[in-house]
Amino acid sequence: QVQLAEYGGGLVQPGGSLRLSCAVSGLTINISPVGWYRQAPGKKRELVAKISLSGNTNYAESVKGRFAISKDNAKNTVVLQMNSLEPDDTALYYCAIFNWKGDRTSDWGQGTQVTVSS
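Residues numbered from 1 in each chain as written. Predicted model: local features only at pLDDT ≥ 70, side-chain atom pairs only at ≥ 80, totals over all residues. Heavy atoms only, no water.

Attention now moves to the overall build of the chain. Along the backbone of the chain there are 0 helices and 10 strands. Along the chain, from the amino end to the carboxyl end, the secondary structure elements read β-β-β-β-β-β-β-β-β-β. For the chain, the C-alpha radius of gyration of 13 Å lies close to 13 Å, the compact-globule estimate for 118 residues. For the C-alpha atoms alone, the extent of the chain along its principal axes is close to 40 × 25 × 25 Å. Counting across all 118 residues of the chain, residues that qualify as buried make up 41%. Counting only contacts in the chain whose residues sit at least 6 apart along the sequence, the fraction spanning at least 24 positions is 55%. Carbon and sulfur atoms make up 46% of the accessible area of the chain, which amounts to about 6,300 Å² in all. In the chain, 12 positive and 9 negative side-chain charges are present, and the distance between their average locations comes to 3 Å. (Helix = DSSP H or I, 4+ residues; strand = E, 2+ residues; numbered from the N terminus. Rg over C-alpha atoms; globule rule 2.2 N^0.38 Å. Buried < 20%, exposed > 50% of the residue type's maximum accessible area, 1.4 Å probe, protein only. Contact = heavy atoms within 4.5 Å. Areas by Shrake-Rupley, 256 points an atom, 1.4 Å probe, with all protein chains shown as cover. Lys, Arg positive; Asp, Glu negative; His and termini not counted. Charge placed at Lys NZ, Arg CZ, Asp CG, Glu CD.)

Right under this line is the structure:
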């Protein structure tokens, strides 16, 4: 059974940076596309970043140029580097595993809270 454990969130001022990590167990991430979602209060969960098996990355328009997704295959961990954070980035962030068709195959973890506020 695949388990995801997100961590690295916190409170940061606008313009600051955070590095989120997602430790994956039960599956080797170098054989799966992976991504990060977020859900802000009162809003739908949205996909913000995804990395394919070949290493191609895709980002939501709202985070392009500020966020970077990567995989640490040695640690079986998915990383989301977030720079130039804005108050609208405040949300609970979750990682996810996908199959080759693009369907999310993992259950949701507990997520990690990111709060951007002065």
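Under the definition given, this model contains 6 salt bridges. Here Glu-46 makes a salt bridge to Arg-38, at a shortest N to O gap of 2.7 Å. Accessibility expressed as a relative area gives 5% for Arg-38, which makes it buried. Residue Lys-101 is joined to Asp-103 by a salt bridge in which the shortest nitrogen-to-oxygen separation is 3.8 Å. By relative accessible area, Lys-101 is classed as exposed at 56%. Residue class for Asp-103 comes out partly exposed when judged on its relative accessible area of 37%. Residues participating in the shared-partner salt-bridge network are Arg-38, Glu-46, Arg-66, Glu-86 and Asp-89. (Salt bridge = Lys/Arg side-chain N within 4 Å of Asp/Glu carboxyl O.)

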